[in-house]
Structures are given as structure tokens and as C-alpha cells.
Amino acid sequence: MNKKEKTIIHIIDLLHVYKGKVETIAIPGINFSIKKGEKVVIRGKSGIGKTTLLHCIAGVLKPTAGKILVEGRNIVDFNEDQLADYRRDKVGLVYQSYNLAPFLTVKENIEFPMTIAKLPVDVIERRTNDLVEMLEIERYLHQKPSFLSGGEQQRVAIAVALANKPLVILADEPTGNLDTENSEIVYELLSQMSDLYNTTLLIVSHDHNASNYTDREIVLSRLKSLAL
Ligand SMILES: Nc1ncnc2c1ncn2[C@@H]1O[C@H](COP(=O)(O)OP(=O)(O)OP(=O)(O)O)[C@@H](O)[C@H]1O
Ligand SMILES: [Mg+2]
């Protein structure tokens, strides 16, 4: 079987409404599926629901209705323990703001998710070395994140997201704070890592450059979503 033939994420009639003084239909009942190892950019204007969608797939936000099948299991039905395992083992998150722990060194930041996953020390050591070599961040290993540039911090954040070899990387505007050169480095690295580990990649981005590094686009619109 072609490595990209197997569907691993299936979004079915996904609806999310934020309740409050004003009700906002953030996701209007959408359907699409993503194959293993596929690299997809998610577009749509500001406020259309891109971050909400990633949070639902990441298992950090329970949608109002619909199903999110990941490897055939509906994560919407998961209990808190199942969700915690899912987030730890299956999902890597990359944000615009890098989201590194400021009091930990680069090395400790990368090791942290693997320690939480109780991986053996030698595996943690080997994986950390592989990641820092591939992402070319050896020089900064013992520095705190605030000493690194934005582009360097984002490379560390990618290493952290990949540490537990997730099924899917969810990147929300990962280059939002970076210049064109660093943005291209980040897209290139995300794409290379996806190819190397056959990790599915969902990138939310306004930047048209992102399409040069992905297989296809999903465009969210108010008139339900259009899965291309
Ligand atoms: N916690 C919240 N409570 C209430 N409404 C929210 C909340 N988060 C988002 N929304 C609303 O839901 C809609 C979708 O928001 P979301 O952040 O998913 O959009 P987005 O496509 O990521 O936008 P952007 O491109 O600006 O990041 C917006 O109308 C927003 O105001
Ligand atoms: Mg957003």
C-alpha cells in the first residue's frame, strides 16, 4: 500500500459552538479526511475556526457535535485519561509563540515530553541527539529558550513536538512571528520531518509559501468547509 493511502483522521459533521453572551458557530458542521503521512495546509480568513479545529483534533477542546475518528477511534467519546494518553502519544503541537518552558534548557525542553511518557533514559538520550542534529540546534542545547532567536526557538519547538513520534503534528501559524527566510526553514523542516517519520502534518497558515511544502489545502469558509 502506498504510504499515503490509509486514512487516519476522519472528521464527520464536526460542529463547535462557543456558548456565552454571544453564541459563535466556530465550526459549522464540516467533513474531511486526512491520510497517513499527508501534509495539509488549512486556510481561511481570521475567525473562521482554524484554531478551534486544531484544538478539537488535538483533544484539548470537546466539540459540540460530530465525530473525530483518529485511527478509527472517536476521540470525542474519550474520557479524560484516554484524552491525556492521546495528547501525549499521538499529537505534537506547534504554536506561533513557540511555547517552550522558559526555566528549562533546550535539552530539558526536548526531553520533557519523553520523560512524561516514561521512555527509558537511553531512548530519551538517543532521540534527543537525533532531533538536535536534524534540526541543527546542538549549539543551544544548554541554553534557556530566551537566549535563542525566534527561528531557533521554533526549531526547538518542532523537536519538542516530534519527541514522542506523534501520529500528527498540528501547527497553528508556526511562522506567524518569523521573517520569510526563517518561515521557509520552518516549513522545510516540518515537511522533511513529516517525510522522515511519515507523520501527518496539519499546518494552519495565511502564508502562501506553506503550499510549496504541503500536498494539498483545505479551505474553511462560512458556507461549511470545502475539503479540496
Ligand atoms: N474561547 C472562545 N470563546 C468564545 N468564542 C471564541 C473562543 N475562541 C474563539 N472564539 C470565536 O470562534 C471563532 C473562531 O475562532 P478561531 O480562533 O478558531 O479562528 P481562527 O480561524 O483561528 O482565526 P485567526 O486566523 O484570527 O487565528 C471566532 O469568531 C472567535 O471569536
Ligand atoms: Mg487562529
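Further up the page is the structure itself.
The residue numbers shown here count from 1 along each chain, following its written sequence. Each chain gets a letter, beginning with A, and each ligand a number, beginning with 1, in the order they are written. Only residues with pLDDT of 70 or above have their local features reported here, since the model is predicted, and side-chain atom pairs are shown and tallied only from 80 upward, although totals for entire chains, interfaces and linings are computed over all residues. In computing side-chain properties, one takes all heavy atoms of the structure into account and sets aside hydrogens as well as water.

What follows deals with the site of ligand 1. Residues are classed as near a molecule or strand on a simple rule: at least one heavy atom within 4 Å of it. The environment of ligand 1 is formed by Tyr18, Thr24, Ala26, Lys45, Ser46, Gly47, Ile48, Gly49, Lys50, Thr51, Thr52 and His206. Residues adjacent in sequence count toward polar contacts only when both atoms are side-chain atoms; beyond that, a polar contact is any pair of N or O atoms within 3.5 Å, and within protein one must be able to donate a hydrogen and the other to accept it. Within the side chain of Ser46, an N or O atom sits 2.6 Å from an oxygen atom of ligand 1. Between Gly47 and ligand 1, the recorded distance is 2.8 Å, taken from a backbone N or O atom to an oxygen atom. Computed by Shrake-Rupley with a 1.4 Å probe, the accessible areas treat only the displayed protein chains as cover when residues are assessed. Protein contacts shield 59% of the accessible area of ligand 1, which totals 640 Å² for the unbound molecule. Put simply, the parts of the chain that give the shell around ligand 1 at least two residues each are β2 (24-35) and α1 (50-58). Put simply, DSSP marks the helices as runs of H or I at least four residues long and the strands as runs of E at least two long, and each gets a number from the N terminus on. With 3 residues, the top contributor of residues to the shell around ligand 1 is α1. Residue classes in the shell around ligand 1 are distributed as 3 nonpolar, 7 polar and 2 charged. When residues are grouped by polarity, Ala, Val, Leu, Ile, Met, Phe, Trp, Tyr, Cys and Pro land in nonpolar, Asp, Glu, Lys and Arg in charged, and all others, Gly among them, in polar.

What follows deals with the environment of Tyr86. Residue position: Tyr86 is located in helix α2 (residues 80-90). The exposure class of Tyr86 is buried, given its relative accessible area of 3%. Along the chain, Tyr86 and Ile110 lie 24 residues apart, while their C-alpha atoms are 19 Å from each other. Here the term buried applies to any residue with accessible area under 20% of the maximum for its type, exposed to any over 50%, and partly exposed to those in between, with areas from a 1.4 Å probe on protein chains only.

When we look at a pair of aromatic rings, we describe it by the centre distance and by the angle of the planes. Working definition: a ring pair exists when centres of Phe, Tyr or Trp rings (six-membered ring for Trp) sit within 6.5 Å. Plane angles under 30 degrees give stacked, over 60 give edge-to-face, the rest tilted. Taken as a whole and assessed by the stated rule, the structure comprises 2 aromatic pairs. Plain terms: the ring middles of Tyr187 and Tyr213 are 5.7 Å apart, the flat faces sit at 25° to each other, and that makes the pair stacked. With Tyr187 in helix α6 (residues 180-197) and Tyr213 in the loop between β8 (200-204) and β9 (216-219), this pair connects stretches of sequence that are 26 residues apart. A relative accessible area of 0% places Tyr187 in the buried class. A relative accessible area of 17% places Tyr213 in the buried class.

Okay, the nonpolar core next. Judged by nonpolar contacts, the single largest core of 34 residues is most densely connected at Ile110, Ile137, Ile158 and Leu190. Among the elements of the structure, α3 (106-116), α4 (121-134), α5 (150-162), β7 (168-172), α6 and β8 are those that each provide at least two residues to this core. Element by element, the count of residues in this core is highest for α5, at 6 residues. Every residue in contact with Ile110, bar those within four places of it in the chain, is listed here: Thr128, Leu131, Val132, Ile137, Val156, Ala159, Val160 and Ala163. What we call a nonpolar core is a set of buried Ala, Val, Leu, Ile, Met, Phe, Trp, Tyr and Cys residues that are connected through their side-chain atoms within 4.5 Å. Core analysis: the second largest hydrophobic core is formed by 32 residues, Ala26, Val70, Val76 and Val204 among them. When checking whether two residues touch, look at their non-hydrogen atoms; a contact exists if any pair is within 4.5 Å.

Everything listed here is a matter of geometry and, on its own, says nothing about what the molecule does.
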